[in-house]
Each structure stands twice: as structure tokens, then as C-alpha cells.
Amino acid sequence: MAKKSMIARQRRREKLSKDITLRLACKKIIADKNSTHEERMDAMRVIRKKLPRDNSRTRCSSRCSSCHRPRGFLSRYKLCRICFRKAAEWGFIPGVSKASW
Ligand SMILES: [Zn+2]
């Protein structure tokens with residue numbers, strides 16, 4: 001089980017990374033070939049100074065939905081390897097069975 005503070009931090013990041021309209025608009029200005037140097041610098045300044053760091057999508061890492069483990073995450077099932085194994089053994093994941101030959 002992850003620390004409560006880590007779970008809270010992850011929740012805050014997920015909440016902040018939902019509204020990325022301003023960040024995307026600034027990135028569009030930066031990538032646009034027709035924008036001037038000043039416009040580009042202003043857009044970069046907005047991203048760096050005005051937006052919170054946790055607003056970035058890369059700050060949000062994937063975690064297990066049941067135990068919040070950061071490593072060994074299976075994105076298809078949104079579970080870590082340990083929770084996936086337990087759920088598969090109990091038959092909670094349809095179509096998954098233990099290998100036997
Ligand atoms: Zn887990």
C-alpha cells in the first residue's frame with residue numbers, strides 16, 4: 001500500500017492535468033512557424049511561471065487502481081502485477097486464466 005501522501009499527490013496531479021487547454025494553446029504558439037520570437041517567449045513564460053508544474057501530463061504517472069503501486073503496472077487492466085494476479089486467481093478478470101500445459 002502506498003503512503004497516503006503519495007496517493008494525495010497523485011490525485012492532485014490527476015485533477016490539475018485534466019484542464020490543459022491553456023498549456024496546449026501555448027504549445028501551439030511555440031510550435032507555429034509564423035509566430036514571432038516575442039510571442040514564443042511569452043508563451044514559454046506562461047507555461048513556466050503561470051501554470052502549476054503538476055498541470056503537465058508527464059507529471060502524472062500510472063498507478064494501480066486498487067493499491068496505488070507505481071511499479072509493475074499493467075495498463076490494460078489498470079492494476080499492478082500483484083493485484084492482477086490476485087484478481088485473475090479469484091476469477092474477477094474475464095477471459096484470464098492461469099497458464100497450464
Ligand atoms: Zn495493486
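Residues numbered from 1 in each chain as written. Predicted model: local features only at pLDDT ≥ 70, side-chain atom pairs only at ≥ 80, totals over all residues.

**Quick word on the domain arrangement of the chain**
Stage number 1. Along its sequence, the chain is organised into domain 1 (1-60) and domain 2 (62-96).
Stage number 2. Across the contact, five residues belong to domain 1 and four residues belong to domain 2.
Stage number 3. Broken down by class, the residue content of the side of domain 1 that touches domain 2 amounts to four nonpolar, one polar and no charged. (Domains from an automatic or database assignment. Contact = placed C-beta atoms within 7 Å. Nonpolar A, V, L, I, M, F, W, Y, C, P; charged D, E, K, R; others polar.)

**Some remarks on the environment of Glu14**
Stage number 1. Considering the arrangement of structural elements, one finds Glu14 in helix H1 (residues 4-16).
Stage number 2. Expressed as a C-alpha distance, the spacing of Glu14 and Arg59, which sit 45 residues apart in the sequence, is 8.9 Å. (Helix = DSSP H or I, 4+ residues; strand = E, 2+ residues; numbered from the N terminus.)

**Observations regarding unusual backbone geometry**
Stage number 1. Here His68, not a glycine, exhibits a phi torsion of approximately 65°, which is positive.
Stage number 2. Residue His68 is classed as partly exposed on the basis of its C-beta count, with 16 C-beta atoms lying within 10 Å.
Stage number 3. The backbone of Lys78 sits at a positive phi, close to 55°, despite the residue not being glycine.
Stage number 4. Examined against the element boundaries, Lys78 turns out to sit in the loop between strand S1 (73-74) and strand S2 (79-80).
Stage number 5. C-beta crowding within 10 Å serves as the criterion here: with 14 such atoms nearby, Lys78 is assigned to the partly exposed category. (Buried ≥ 20, exposed ≤ 12 C-beta atoms within 10 Å, placed from the backbone.)

**Considering the packing of helix H2 (residues 21-31) against helix H3 (residues 37-50)**
Stage number 1. With their axes 8 Å apart at the nearest point, H2 and H3 run at an angle of 150° to one another. Between H2 and H3, the interaxial angle falls into the category roughly antiparallel. Read as a crossing pair, H2 and H3 show a hand that is left-handed. Contact residues: H2 offers Arg23, Cys26, Ile29 and Ile30, while H3 offers Glu39, Arg40, Ala43, Met44, Val46 and Ile47. (Axes fitted to C-alpha atoms, helices over the stretch in contact; angles between N-to-C directions. Parallel < 35°, antiparallel > 145°, perpendicular 65-115°, else oblique. Left-handed = near helix turned anticlockwise from the far one by under 90°.)

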